[in-house]
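Below, each chain spelled out in residue letters.
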Amino acid sequence: MDPSHDSHISADPRPAPRSDRFPALQAGRHPVVEVRDLVKEYGKIRALKGVSLSVQRGEIFGLLGQNGAGKTTMIKILLGIARLTSGEAEMLGEPCGTARVRKQIGYLPEDHRFPDYHSANSLLDFYGSLVEMPRALKQKRIEECLKIVGLTDRQHYKIRTYSKGMKQRLGIAQAMLHSPGLIFLDEPTDGVDPVGRREIRDLLMEMKSQGTTIFVNSHLLGEVELICDRVAILQRGELIREGDIKSLTEKRGYYLVGLAPNQTFPEAEVAALGYEVRAAANRERWEISLREGQSIDPVVDFLRSRQLSLRHLSEKRQSLEDLFLQTVDAAEPGVDRRPGGRQPAR
Amino acid sequence: MKFLAILKDSLRETLDVKLFYAMVLLSLLVSLFVASVVYKPQPIDEQIKGSLTFSPLRPTENVNFDILMRLAPNPETQGIPVMVQMEDLQRTDQGPANQPWVGNYDFTLVLKIPHETGQRGPRMGPQGRNPLEGKNEAEVLAAVRKEITSDFLEETLSRRLSFLKGVKVKTLPATEKDQVDYRVSSEGTTITTAKAWFHQPALFFGLVDVPIPLMTLGDIVTFLGDYVIGGFGAMVTILLSIVMTASFLPNMLSKGSVDLLLVKPINRVSLFVYKFLGGLTFMFLNTVVIMVGIWLGIGVRTGLWVDAFLVCILVYTFQFMIFYSVSAVTAVFTRSAIVAILASFTLWIVLFAVGWTHWIFVEAQRDNTEYSRKWGFVLYDGVKAVLPRYKDLDWLTSRMIRHDLFQLTRSTEEKNKAQEEENTRRFNESLDKTYKGYNWTSSLAVSSVFIALMLGLACWRFSTRDY
Ligand SMILES: Nc1ncnc2c1ncn2[C@@H]1O[C@H](COP(=O)(O)OP(=O)(O)OP(=O)(O)O)[C@@H](O)[C@H]1O
Ligand SMILES: [Mg+2]
């Protein structure tokens, strides 16, 4: 079973955000990013059609959507790389894109191409100078960041000798170099191997625990689900879903139950209690769906009364992928509407 | 701080493709070449011979244009290529031997009638025809003696051997039946310093003599500075620099790279300007290496420290800026290095053509009121006036180099003062006349406005564009 589809009842592994970086913004739930009715037109193409969203400080925010939905455009506008056509966008309490704001953010673009005449070390040195880091701090951070992304050994090689994943790691290193309070990552795990992806996820959690706000664009819903606090789904330039990841995925109540080895699950009896039961995972787990108003407790009591040992009990959630596919034009590979394709469930 | 970081980045970019090394190496080679040229003072007989026997019509023969022209109208001597020879040259004063320019000289000038045809003697008219055919040699000789008087020779030699002062010519009694002899004497020369004396340049530390007409050291260095360095060298440097710097901005602006810079807390105009200055610095450093090298090379060899060469560093960098600003604006609009190079080259060709044609057809005709009122003239003059003044700056640099060299080669001795003042006045007059239509202020101002417009346009586009 894919563990990402289960959320164990026991504990939320995520540490509570510790916030000390933006004292001015700490009072109340002041959003770090606030976007209202944002419209962006590239000539005739309307990339964003009136999007409103906000990101709270200290959270990891995921922006999802199909290819061409406008995710990158959104980030570019926030960073001042592209200009908005109409609407409002604020970051850290200022209009987006000002130099003062940009000093406090880190950014990993998609499809980045670092100037390949640099080495990892010299590139970070260059970028550090551009954000006006003092020399000593810069040296220290370069060392730290390269260590974190595992490029220390190759730091003096030219970037053109790096593999794709190494470049991506370097991208992450440069985004966090100056310890920004807010980081934008466009497809951060693109091209990174599974181990590396896990490392990046851990790294993001680590940064979050230090109070950094993180804004991620990604297609890898499994990953987003693992790390994000909140997500928003864009489709063709419109925001069609926004919310807490827990509440978005918690919707359907059904449980996964497993007994000790060699014990037989009393399928018929449980069904007789009025529950819907299905075998899963080679008849070692059983899915139990709750109807309106039902609770799982009677089932547990019943199994205990039969002297059966409960080895597994988890609330099965709807995966983010389920949600995503239901929400957007499912199974459509690109930006074009396929004739006869499903209409989005709004 | 940020500026230095971007400069360092540009430098890294150039060093990465070994361009900078290549350019510096090239510059050093050129400097070394210039420093390897040796200038040997010419003995005076070479100069007199050289000045006497040169005829633009018959450059390989020992004839003199003035004498031929003088003989041409007389049917007796018409078409006879009378040869000129110098014999028995003597220095008649007691001056120091290593200062030939202070001496008095005597020599015999021999006019010889050729009477051989074929390979050994000079010919005129159809191949192999004897110019004396059907003529009496004695009569011809008498005619020559009649036409080429001592007065005529005195006037001609004073002009041709203009460095000799107090030229006196005496016709000698006849000795041979085919020649007339004259005794020429001079008293001092107009040349007052070694630097104004005639020299023979020899390449590669004196190995290879350069075949040039008789020139003073000052003239040689002027030629070198004006044509070889200022004309050809500067052109090559500027064109090469255009190619080498053309990719800086497009690389920075390329997709995937530009985002990384745009999010840094530096405004786009500064980013652009810094990057532009980065390219300019590249060109500037190169020019410094090459011009200082040339300045040193010539200075060490000749003792002529031509400061104008150092001023050229700034002029060439400024000229380069004209093209680089076009390259930059093209880069911002197209993000393509190739298009940027093409645009700069196109401008270069236009400015080069307009500059030359204006110099030849307009500037030379400016005083001709009949011509200069024509609308074509006015229109052409107007178009040229608003274009950046690339070529004007070239002319002005020439003027500066010439002026500098003149000042460097003139005498500072008290006894030559009057002469030198007169020389200087005449020289300055001729410079003023030649370069009348050009001046630094307007050339720099108009070009600066052009550069500012280009950069302004580029900045505007760069700072309003979505990436
Ligand atoms: N510079 C541009 N000029 C014209 N159109 C653009 C430009 N940038 C983006 N677009 C258009 O805007 C729309 C949104 O693009 P965007 O890059 O934001 O999509 P995305 O959600 O990031 O997609 P992906 O998942 O493929 O990265 C697309 O239709 C795209 O073609
Ligand atoms: Mg994208």
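### Considering the pattern of salt bridges
Residue and element names in this part refer to chain B.
Move 1: Tallied over the entire structure, the rule returns 42 salt bridges over all chains.
Move 2: Of the charged contacts, one joins aspartate 66 and arginine 159 as a salt bridge, the two residues approaching to 3.6 Å between their closest N and O atoms. On the criterion of sequence distance, the pair formed by aspartate 66 in helix α4 (residues 65-71) and arginine 159 in helix α6 (residues 150-160) is long-range, its members being 93 residues apart.
Move 3: What makes arginine 159 partly exposed here is its relative accessible area of 43%.

### Details of the pairing of strand β6 (residues 198-202) of chain B
Residues and elements named next belong to chain B.
Move 1: Of all 5 residues in β6, 5 are buried, a share of seventy percent or more.
Move 2: The alternating pattern of β6 places Phe198, Gln200 and Ala202 and His199 and Pro201 on opposite faces, both of which are buried.
Move 3: Of the pairings in the sheet, the one linking strand β1 (residues 38-41) to β6 comprises 4 bridges and is antiparallel in character. The partner of valine 38 across the bridge, within β6, is alanine 202.
Move 4: Summarising the sheet, β6 and strand β8 (residues 215-216) pair through 2 bridges and their orientation is antiparallel. Within the sheet, the bridge partner assigned to histidine 199 lies in β8 and is methionine 215.

### Observations concerning the interface of chain A and chain B
Interfaces are often sized by the amount of accessible area the parts lose when they come together.
Move 1: Taken together, the contact between chain A and chain B spans 32 residues of the former and 28 residues of the latter.
Move 2: Carbon and sulfur atoms make up 56% of the area that chain A and chain B hide from each other, which totals about 2700 Å².
Move 3: The interface formed by chain A and chain B holds 6 salt bridges in total.
Move 4: Among the ionic pairs, lysine 40 of chain A bridges to aspartate 466 of chain B, the shortest N-O distance being 2.4 Å.
Move 5: Going through the elements one at a time, β2 (31-42), α2 (71-79), α3 (99-102), β7 (105-108) and α4 (120-130) of chain A are the ones with two or more residues in the side of chain A that touches chain B.

### Brief notes about the sheet that holds strand β11 (residues 238-244) of chain A
Residue and element names in this part refer to chain A.
Move 1: Reading across the sheet, the 6 strands line up as β7-β8-β9-β4-β10-β11 and stay open at both edges, with mixed pairing between neighbours. Unpaired on one side and paired on the other, β7 and β11 mark the two borders of the sheet. The average undirected angle you get between the axes of adjacent strands in this sheet is 15°.
Move 2: Sheet topology places strand β4 (residues 60-65) next to strand β9 (residues 213-217); 4 bridges connect them, and they run parallel. Looking at the pairing, glycine 62 lines up with valine 216 of β9.

### Section: the site of ligand 1
Residue and element names in this part refer to chain A.
Move 1: Near ligand 1 you find 13 residues, and of these Gly68, Gly70, Lys71, Thr72 and Thr73 are the closest.
Move 2: Here an oxygen atom of ligand 1 and a side-chain polar atom of asparagine 67 are 3.0 Å apart.
Move 3: Here ligand 1 has 630 Å² of accessible area as a free molecule, and 66% of this is covered by the chains.
Move 4: The set of elements that each furnish at least two residues to the shell around ligand 1 consists of β3 (45-56) and α2.
Move 5: The element that contributes the greatest number of residues to the shell around ligand 1 is α2, accounting for 3 residues.
Move 6: The residue inventory of the shell around ligand 1, partitioned by class, reads 4 nonpolar, 7 polar and 2 charged.

### A short note on the coordination of the magnesium ion (ligand 2)
Residues and elements named next belong to chain A.
Move 1: Protein coordination of the magnesium ion (ligand 2) is provided by Thr72 (OG1) and Glu110 (OE), with donor distances spanning 1.9 to 2.5 Å. Here threonine 72, found in helix α2, pairs with glutamate 110, found in the loop between β7 and α4; they are 38 residues apart in sequence, far enough to count as distant.
Move 2: With relative accessibility at 15%, the residue threonine 72 sits in the buried group.
Move 3: A residue is classified by how much of its surface remains accessible, and glutamate 110, at 31% relative accessible area, is partly exposed.

### Quick notes on the domain arrangement of chain B
Move 1: Splitting chain B by domain gives domain 1 (2-40 + 199-464) and domain 2 (44-192).
Move 2: Each of domain 1 of chain B and domain 2 of chain B has a C-alpha centre, and these two points are 46 Å apart.

### A short note on the packing of aromatic side chains
Move 1: Scanning all chains against the criterion turns up 22 aromatic pairs over all chains.
Move 2: Seen from their ring centres, tryptophan 356 of chain B and tryptophan 395 of chain B are 4.9 Å apart, and the 75° between their planes marks the pair as edge-to-face. You can see tryptophan 356 of chain B sitting in helix α13 (residues 337-362) and its partner tryptophan 395 of chain B sitting in helix α16 (residues 390-409), a full 39 residues away along the chain.
Move 3: By the ring-pair criterion, three or more aromatic residues cluster together here, those being Phe272, Phe276, Phe320, Tyr324, Phe462 and Tyr467 of chain B.
Move 4: In this structure, arginine 154 of chain A is placed above the aromatic ring of tyrosine 157 of chain A, and the distance from its NZ or CZ to the ring centre is 4.7 Å.
Move 5: Sitting over the ring of tyrosine 127 of chain A, lysine 264 of chain B keeps its end group 4.2 Å from the ring centre.

### Describing the nonpolar core
Move 1: Within the largest apolar cluster, 146 residues are counted, with the highest numbers of intra-cluster contacts made by Met74 and Phe184 of chain A together with Phe462 of chain B.
Move 2: By residue number, the principal contributor to this core is helix α12 (residues 307-334) of chain B, which donates 17 residues.
Move 3: Once residues within four sequence positions are removed from consideration, phenylalanine 462 of chain B is found in contact with Met252, Leu253, Val258, Leu262, Arg268, Leu271, Phe272, Val332 and Tyr467 of chain B.
Move 4: Within the second largest apolar cluster, 34 residues are counted, among which are Met86, Trp101, Phe107 and Ile113 of chain B.

### A few points about helix α5 (residues 137-147) of chain B
Residue and element names in this part refer to chain B.
Move 1: Residues Val140, Leu141, Ala143, Val144 and Glu147 constitute the buried set of α5. When α5 is viewed along its axis, its buried side chains cluster within an angular range of 160° and face the same direction. Of the exposed residues in α5, the ones pointing more than 90 degrees away from its buried face are Ala138 and Lys146.
Move 2: Turning to α5, the residues buried within the fold contact α4, β3 (105-112), α6 and β5 (179-185).

### So, the sheet that holds β2 of chain A
Residues and elements named next belong to chain A.
Move 1: Spatial ordering of the open sheet is given by β3-β2-β5-β6, a layout of 4 strands whose pairing is antiparallel. The open sheet terminates on both sides in strands that have one partner only, identified here as β3 and β6 (94-95).
Move 2: Relative to the sheet, α2 contacts β2, β3 and β5 (86-91), its axis offset from that of β2 by approximately 115°.

Rules behind the numbers
- Residues numbered from 1 in each chain as written.
- Chains lettered and ligands numbered in written order.
- Predicted model: local features only at pLDDT ≥ 70, side-chain atom pairs only at ≥ 80, totals over all residues.
- Heavy atoms only, no water.
- Salt bridge = Lys/Arg side-chain N within 4 Å of Asp/Glu carboxyl O.
- Helix = DSSP H or I, 4+ residues; strand = E, 2+ residues; numbered from the N terminus.
- Buried < 20%, exposed > 50% of the residue type's maximum accessible area, 1.4 Å probe, protein only.
- Pairing = 2+ DSSP bridges.
- Contact = heavy atoms within 4.5 Å.
- Buried area = accessible area lost by both parts, 1.4 Å probe.
- Axes fitted to C-alpha atoms, helices over the stretch in contact; angles between N-to-C directions.
- Near = heavy atom within 4 Å.
- Polar contact = N/O pair within 3.5 Å; in protein donor to acceptor, adjacent residues only side chain to side chain.
- Areas by Shrake-Rupley, 256 points an atom, 1.4 Å probe, with all protein chains shown as cover.
- Nonpolar A, V, L, I, M, F, W, Y, C, P; charged D, E, K, R; others polar.
- Donors = N, O, S within 2.8 Å, 3.2 Å for Na, K, Ca; no water.
- Domains from an automatic or database assignment.
- Phe/Tyr/Trp six-rings, centres within 6.5 Å; stacked < 30°, edge-to-face > 60°.
- Lys NZ or Arg CZ within 6 Å of the ring centre and 35° of its normal.
- Core = buried A, V, L, I, M, F, W, Y, C linked by side-chain atoms within 4.5 Å.
- Arc of directions from axis to C-beta.

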